[in-house]
Amino acid sequence: GAVVSQHPSWVICKSGTSVKIECRSLDFQATTMFWYRQFPKQSLMLMATSNEGSKATYEQGVEKDKFLINHASLTLSTLTVTSAHPEDSSFYICSAPQGSSGYGYTFGSGTRLTVV
Amino acid sequence: SQQGEEDPQALSIQEGENATMNCSYKTSINNLQWYRQNSGRGLVHLILIRSNEREKHSGRLRVTLDTSKKSSSLLITASRAADTASYFCATGGQSGGYNKLIFGAGTRLAVHP
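Just so it is clear, the model here is predicted, and its values are computed rather than measured.

Novice: Looking at this model, I keep getting lost on the overall build of chain A. Mind explaining?
Specialist: Counting secondary structure elements, chain A contains zero helices and 11 strands. When the helices and strands of chain A are listed from N to C terminus, the series reads β-β-β-β-β-β-β-β-β-β-β. With respect to the three principal axes, the spread of C-alpha positions in chain A is 40 × 25 × 20 Å. By sequence separation, contacts in chain A at least 24 residues apart represent 52% of the contacts at least 6 residues apart. Within the structure as shown, chain A displays about 5500 Å² of accessible surface, and the carbon and sulfur contribution to it stands at 52%. Computed over 9 positive and 8 negative side-chain charges, the separation of the two mean positions in chain A equals 5 Å.

Novice: Help me understand the confidence of the model for chain B in this model?
Specialist: Per-residue confidence for chain B gives a mean pLDDT of 89; residues scoring 70 or more make up 91%. Of all helices and strands in chain B, the one with the weakest mean pLDDT is strand E1 (residues 6-7) of chain B (78), whereas strand E7 (residues 61-66) of chain B scores best (98).

Novice: I tried to follow the sheet that holds strand E8 (residues 76-81) of chain A on my own but got confused; where do I start?
Specialist: To summarise the sheet geometry, strands pair through backbone hydrogen bonds and adopt either a parallel or an antiparallel arrangement. Residues and elements named next belong to chain A. The four strands lie next to each other as E1-E3-E8-E7, forming an open sheet whose pairing is antiparallel. Each edge of the open sheet carries a strand with a single partner, namely strand E1 (4-7) and strand E7 (67-73). Neighbour-to-neighbour, the strand axes of the sheet open up by a mean angle of 15°, direction not taken into account. Looking at chain direction, strand E3 (residues 19-25) and E8 are connected through six bridges and run antiparallel. Residue Ile-21 lies in a different strand from E8, and its bridge partner there is Leu-79.

Novice: Any chance you could explain the state of the cysteines here in plain terms?
Specialist: Each disulfide consists of a covalent bond between the sulfur atoms of two cysteine residues. Residue and element names in this part refer to chain A. Scanning the model with the defined rule gives two disulfides over all chains in all. There is a disulfide in this structure between Cys-23 and Cys-94, and the S-S distance comes to 1.8 Å. Its S-S torsion of about -95° marks the bond between Cys-23 and Cys-94 as left-handed, since a negative value means left-handed. Placement of Cys-23 in strand E3 and of Cys-94 in strand E9 (residues 90-98) is noted, with a sequence separation of 71 residues between them. The pair Cys-23 / Cys-94 is uniform in exposure class, with both members buried.

Novice: Looking at this model, I keep getting lost on the interface of chain B and chain A. Mind explaining?
Specialist: As a measure of interface size, the accessible area lost when the parts come together is often cited. Across the boundary between the two partners, chain B contributes 21 residues, which contact 23 residues of chain A. Summing both partners gives a buried area of about 1900 Å² for chain B against chain A, and 56% of it is carried by carbon and sulfur. Counting the contacts that link chain B with chain A gives one salt bridge. With a closest N to O distance of 3.2 Å, Glu-59 of chain A and Lys-100 of chain B form a salt bridge.

Novice: For this particular structure, what's the right way to read a nonpolar patch on the surface?
Specialist: Among the surface-exposed residues, Trp-10, Ile-12 and Val-116 of chain A lie close enough to one another that they form a single nonpolar patch of about 370 Å² accessible area. Following the sequence through the fold, Ile-12 of chain A ends up in strand E2 (residues 10-13).

Novice: Explanation requested: the pattern of salt bridges in the structure shown.
Specialist: Side chains that carry opposite charge are capable of pairing whenever their charged atoms lie near each other. According to the stated counting rule, one finds five salt bridges over all chains in the structure shown. For the salt bridge of Arg-62 of chain B with Glu-55 of chain B, the shortest nitrogen-to-oxygen distance reads 3.1 Å.

Novice: Where do I start with the confidence of the model for chain A in this structure?
Specialist: Should pLDDT be low for a region, the predicted coordinates there are not to be read in detail. Confidence in the prediction of chain A, expressed as mean pLDDT, is 91, and 95% of residues score 70 or more. Taken element by element, chain A is modelled with least confidence in strand E10 (residues 104-107) of chain A, mean pLDDT 86, and with most confidence in strand E11 (residues 111-115) of chain A, mean pLDDT 97.

Novice: What am I meant to see in the nonpolar core here?
Specialist: One broad trend across soluble globular proteins is that nonpolar side chains are buried collectively. In this structure, Met-33, Trp-35, Phe-67, Leu-79, Tyr-92 and Leu-113 of chain A are the most contacted members of the largest nonpolar core, which totals 24 residues. Of all elements in the fold, only E2, E3, strand E4 (32-38), strand E5 (44-51), E7, E8, E9 and E11 of chain A reach the threshold of two or more residues within this core. One finds Ala-19, Cys-23, Leu-74 and Tyr-87 of chain B within the second-largest nonpolar core, a separate group that totals 20 residues.

Parameters and conventions
All residue numbers refer to position in the chain's written sequence, counted from 1. Lettering for chains starts from A, numbering for ligands starts from 1, and both go in the order in which the items are written. Local features in this predicted model are restricted to residues whose pLDDT is 70 or higher, and side-chain atom pairs enter the listing and the counts only when it is 80 or higher, whereas totals over whole chains, interfaces and linings include all residues. The basis for the side-chain values is all heavy atoms of the structure; hydrogens and waters are excluded. Helical segments are the DSSP runs of H or I of at least four residues, strand segments are the runs of E of at least two, and each set is numbered from the N terminus. Any two residues whose heavy atoms approach within 4.5 Å are treated as being in contact. Note that accessible areas follow from Shrake-Rupley with a 1.4 Å probe, and for residues the cover is restricted to the protein chains shown. Just so you know, the count uses Lys and Arg for positive and Asp and Glu for negative, and it drops His and the chain ends. The atoms used to mark charge sites are NZ of Lys, CZ of Arg, CG of Asp and CD of Glu. Per-residue confidence from the predictor is given as pLDDT, running between 0 and 100. Two strands form a pair only when DSSP identifies at least two bridges running between them. Only C-alpha atoms enter the line fits that serve as axes; for helices the fit covers just the stretch in contact. Angles between N-to-C directions range over 0 to 180 degrees. By definition, disulfides here are pairs of cysteine sulfur atoms that lie within 2.5 Å. Each residue's exposure class comes from its accessible area (1.4 Å probe, protein chains only) as a fraction of the maximum for that residue type: buried when under 20%, exposed when over 50%, partly exposed otherwise. Defined here as a combined quantity, buried area equals the accessible surface (1.4 Å probe) lost by two parts on assembly, summed across both. Salt bridges, as used here, are contacts in which a Lys or Arg side-chain nitrogen is within 4 Å of a carboxyl oxygen on Asp or Glu. Patch membership requires more than 30% relative accessible area and the absence of a salt bridge. Residues of like charge join within 9 Å; the nonpolar side chains Val, Leu, Ile, Met, Phe, Trp and Tyr join within 5 Å. We define a nonpolar core as any set of buried Ala, Val, Leu, Ile, Met, Phe, Trp, Tyr and Cys residues linked to one another through side-chain atoms lying within 4.5 Å.

Listed below in structure tokens is the structure:
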């Protein structure tokens, strides 16, 4: 089946630094990638939708300059958390739809970000 | 914004018992999906039910959909300790032509041996 590989699985960084999270579609082309954030014991909140070759679409309340999304190829989308602060500590998950129907979605395994 | 609420928020049962989780949503849908998430991991797709379907089965899973009440339920029969996880319903919305999934609050299920 379709696989989305997400790296790193966990990262600890210092306040003020930037962290890049990668999601690669291994056996299919992902023209779209959804990025979610999940706080402990809470649901997934959609942050943004990345589209290959064009600008990402951000959900209301999500800072574009803080969460930089790049989707330069059909198999790679990246999320960069810039100038990270402790409140950015969270679980970040990517997801790509499969097929034109949009019914099937494949999720990455998630990245646990801890900002100290 | 999240689509709706799920109840219960947490459910604790013994192995062999059935677990029922409910989900409500707010807008019209084309389909509703259920996902499972083990602690600190990604999501695994369990089952999809279309808006013109009322019930669907997959192994020990049974999903119902009531579009008049904008609600769905997930039943896990004969639960096992390995079923311990969080379960989320999700509905598809569209933004700029892409189908984005909006998740419910989730139910944390604990199955005790």
